[in-house]
Amino acid sequence: MAISLEKYRHIIWDWNGTLLDDAWLCVDVMNGMLKERGMPLRTLESYRELFDFPVKDYYVKLGYDFNREPFDEVGLEFIVRYNRRQAEAKLHEDVKPTLERLRECGFRQHILSAREQNELVSETISAGVHAFFGLIRGLDDHYAHGKTGVGVRLLEELAEDPAGMLFIGDTLHDAAVAAEIGLDCVLIPNGHQSEQRLRSAGLPVLPSLRNLISLL
C-alpha cells in the first residue's frame, strides 16, 4: 500500500520501539525476571512474536500465573527494573535527522505513548528531542493497558481535522488505536513486533525511518 505525506500537517509518533530503541532492553529485563522464576528465556526474535497489548496478555503468553503472582505485582517489578536501566536505551539511528527534516518541511510533531506521562517527558528531554514535539501524551500509570483514550484526548487538544494527521508506530496496537481514533497509520518494524505481524494489519510498513524521509 503506497502512502504520500503531502496530505498531512501533523505527525503523531509512538515512543517506545518506534523512536526509542528499547525492545532489546525489555527482553533483557524480562529475561532476568524469568530466570529467577525458572521460566523459559526469550530471544529478541521470539519476543517480537509474543509481545502484545494489553501487556497483561503478553505476560500470560510468557507463562505467568496471576493466581500465584498478581499482574500488578509482576508488572510493577518489570517497570522498576526497566526504569533502573532506561538510560541504556538510545534513539534509533535515524530519529534525529528524521525529526529535523520533518520540522524543516513544516510538519507539527507529537507523541502518543503507552509510557507513563512523567517518565515519557523525562525521556524525551534526556534523549535531546523534547523540543521537536508539540504535545507529548502518555498514560497516568505504569501498566500499559492501552492508549486509545489518550489518543482521543490528544485529538481533542489539537482540534483539527484528523485527516491531516499521520500516526507512526511499531505494533498492531498502534494500528488499532489509529483505526479507533480515525487516523491514517504507518508501521515500522524496528521495535516490539515483527514485520510479518505488522503486515497482517494491511497498512503501509516502511523498513526504516530513512524510508519515511524518502516520501517527502
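Look a little higher up for the structure.
Quick caveat, the model's predicted, so the values are computed rather than measured. (Residues numbered from 1 in each chain as written. Predicted model: local features only at pLDDT ≥ 70, side-chain atom pairs only at ≥ 80, totals over all residues. Heavy atoms only, no water.)

Residues His10 and Ile12 point to one face of strand 1 (residues 10–13) and Ile11 and Trp13 to the other, with burial holding for every one of them. Here 4 bridges tie strand 1 to strand 4 (residues 108–116), and the two strands are oriented parallel to one another. Paired with Ile11 across the bridge in strand 4 is Gln109. With 4 bridges connecting them, strand 1 and strand 6 (residues 165–169) associate as parallel partners. When the bridges of strand 6 are listed, Ile12 appears paired with Phe167. (Buried < 20%, exposed > 50% of the residue type's maximum accessible area, 1.4 Å probe, protein only. Helix = DSSP H or I, 4+ residues; strand = E, 2+ residues; numbered from the N terminus. Pairing = 2+ DSSP bridges.)

Positionally, Asp52 belongs in the loop between helix 2 (44–50) and helix 3 (55–62). Here the side chain of Asp52 touches Arg197 through a polar contact of 3.5 Å, side chain to side chain. In this structure, Asp52 is in contact with Tyr58, Lys61, Gln193 and Arg197, ignoring residues within four places of it in sequence. (Polar contact = N/O pair within 3.5 Å; in protein donor to acceptor, adjacent residues only side chain to side chain. Contact = heavy atoms within 4.5 Å.)

Here the focus is the nonpolar core. Membership of the largest hydrophobic core comes to 70 residues, with the highest contact counts inside it found for Ile12, Trp13, Met30, Tyr59, Tyr64, Phe78 and Phe133. Once you skip the residues sitting within four places of it in the chain, Phe133 turns out to touch Trp13, Leu19, Leu99, Gln109, His110 and Ile111. (Core = buried A, V, L, I, M, F, W, Y, C linked by side-chain atoms within 4.5 Å.)

Here we take up the environment of Val29. Checked against the element boundaries, Val29 lands in helix 1 (residues 23–36). Excluding anything up to four places from it in sequence, Val29 contacts Phe78, Arg81, Tyr82 and Arg85.

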